[in-house]
Amino acid sequence: MPGPPDDIRFLKALAANRKGDKAGARALLEQILAEQPDHADSLEVLGMLVSEAGELDRAIELTERVLKQRPDSIMAHANLSRFWMLKGDKAIAEDWQAKARVLGWKDELRRKSEASGAAGAAGGGPGVTSLERGPDPELVTSQEQNVVANPDDPRARLALANS
């Protein structure tokens, strides 16, 4: 069963982009956004397309709109880092890259926690070691906040890495 019309247009935009029809892809994405300004997938893809055309300020604006819809989007943070680097602002680019890394670590911990939870349910209960259980999520969150607050502190990064 097909989804809403914007889903069909979005898939057509992706197909056009894959075929090298950047203008066609942009037109379809612009149509979607004219009707649904917060369509995060369209914002993200259009951001990449306009960045390829050298429209970095617009790419940043579109990608920041993605983050309003999906604040934990690793890709949006990484894209913003890339756009700022292309603009020549290394400091801002590194800030966005650090945020993307922290989100990536959180995602990895969540996946490991889910996997260890499944192992515990499958018989990995009482005899499970701390390495098999994974890090304490509260401690890791605290350490991540410390790294974000003190990005140049190697001890903060080392503590997080050890966790």
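Cut-offs applied
- Residues numbered from 1 in each chain as written.
- Predicted model: local features only at pLDDT ≥ 70, side-chain atom pairs only at ≥ 80, totals over all residues.
- Heavy atoms only, no water.
- Helix = DSSP H or I, 4+ residues; strand = E, 2+ residues; numbered from the N terminus.
- Buried < 20%, exposed > 50% of the residue type's maximum accessible area, 1.4 Å probe, protein only.
- Contact = heavy atoms within 4.5 Å.
- Areas by Shrake-Rupley, 256 points an atom, 1.4 Å probe, with all protein chains shown as cover.
- Phe/Tyr/Trp six-rings, centres within 6.5 Å; stacked < 30°, edge-to-face > 60°.
- Lys NZ or Arg CZ within 6 Å of the ring centre and 35° of its normal.
- Salt bridge = Lys/Arg side-chain N within 4 Å of Asp/Glu carboxyl O.
- Core = buried A, V, L, I, M, F, W, Y, C linked by side-chain atoms within 4.5 Å.
- Axes fitted to C-alpha atoms, helices over the stretch in contact; angles between N-to-C directions.
- Parallel < 35°, antiparallel > 145°, perpendicular 65-115°, else oblique.
- Left-handed = near helix turned anticlockwise from the far one by under 90°.
- Nonpolar A, V, L, I, M, F, W, Y, C, P; charged D, E, K, R; others polar.
- Expected span 1.5 Å × (residues − 1).

As a further point, take the overall build of the protein chain. Summing up its helical and strand segments, the protein chain has 9 helices and 0 strands in all. Reading the protein chain from its N end, one meets helices and strands in the order α-α-α-α-α-α-α-α-α. Taken over 163 residues, the protein chain has a buried fraction of 30%. Long-range contacts, defined here as pairs at least 24 residues apart, represent 44% of the contacts in the protein chain between residues at least 6 apart. Summing over all exposed atoms, the protein chain offers an accessible surface of approximately 10,000 Å²; the carbon and sulfur share of this is 56%.

Per the stated rule, a full pass over the model turns up 0 aromatic pairs. Directly above the ring of W96 sits K99, whose terminal nitrogen or CZ lies 4.4 Å from the centroid.

Below, the discussion takes up the pattern of salt bridges. One pass over the full model with this rule turns up 12 salt bridges. The partner of R58 in a salt bridge is E30, and the shortest N-O contact between them spans 2.9 Å. Remark: E30 occurs in helix α2 (residues 22-35) and R58 occurs in helix α4 (residues 56-69); sequence separation between them is 28 residues. Taking relative accessible area as the criterion, R58 reaches 28% and is therefore assigned partly exposed. Here D107 makes a salt bridge to R110, at a shortest N to O gap of 2.5 Å. Here the residue D107 and the residue R110 both occupy positions in helix α6 (residues 90-121), the gap between them amounting to 3 residues, near one helical turn. Residue D107 is classed as partly exposed on the basis of its relative accessible area of 24%. On the accessibility criterion, R110 (40% relative accessible area) is partly exposed. Connected through shared salt-bridge partners, D107, R110, R111 and E114 make up one network.

What follows deals with the nonpolar core. Grouped together as the largest cluster of nonpolar side chains are 24 residues, with contacts concentrated most on L29, L46 and L80. Looking at this core, the elements with two or more residues in it are α1 (5-18), α2, α3 (40-52), α4, α5 (74-87) and α6. Discounting chain neighbours no more than four positions away, the residues touching L29 are F10, A13, S42, V45, L46 and L49.

On to the packing of α3 against α5. The geometry of α3 relative to α5 is characterised by a closest axis approach of 11 Å and an angle of 15° between their N-to-C directions. With respect to α5, the element α3 is oriented roughly parallel. Considering how the two elements wind past one another, α3 and α5 form a crossing that is left-handed. In contact with E44, G47, M48 and S51 of α3, α5 contributes M75, A76, N79, R82 and F83. Looking at the contact of α3 with α5 residue by residue, the class counts come to 4 nonpolar, 3 polar and 2 charged.

Turning our eyes to something else, we now look at the side chain of Q143. By the secondary structure assignment, Q143 is in helix α8 (residues 137-149). Those residues in contact with Q143, other than ones at most four positions away along the chain, are A159, L160 and S163.

The next point concerns α4. Over its 14 residues, α4 runs 20 Å from end to end, which matches the ideal 20 Å to within 8%, given 1.5 Å per residue. Buried within α4 we find L56, A59, I60, L62, T63, V66 and L67.

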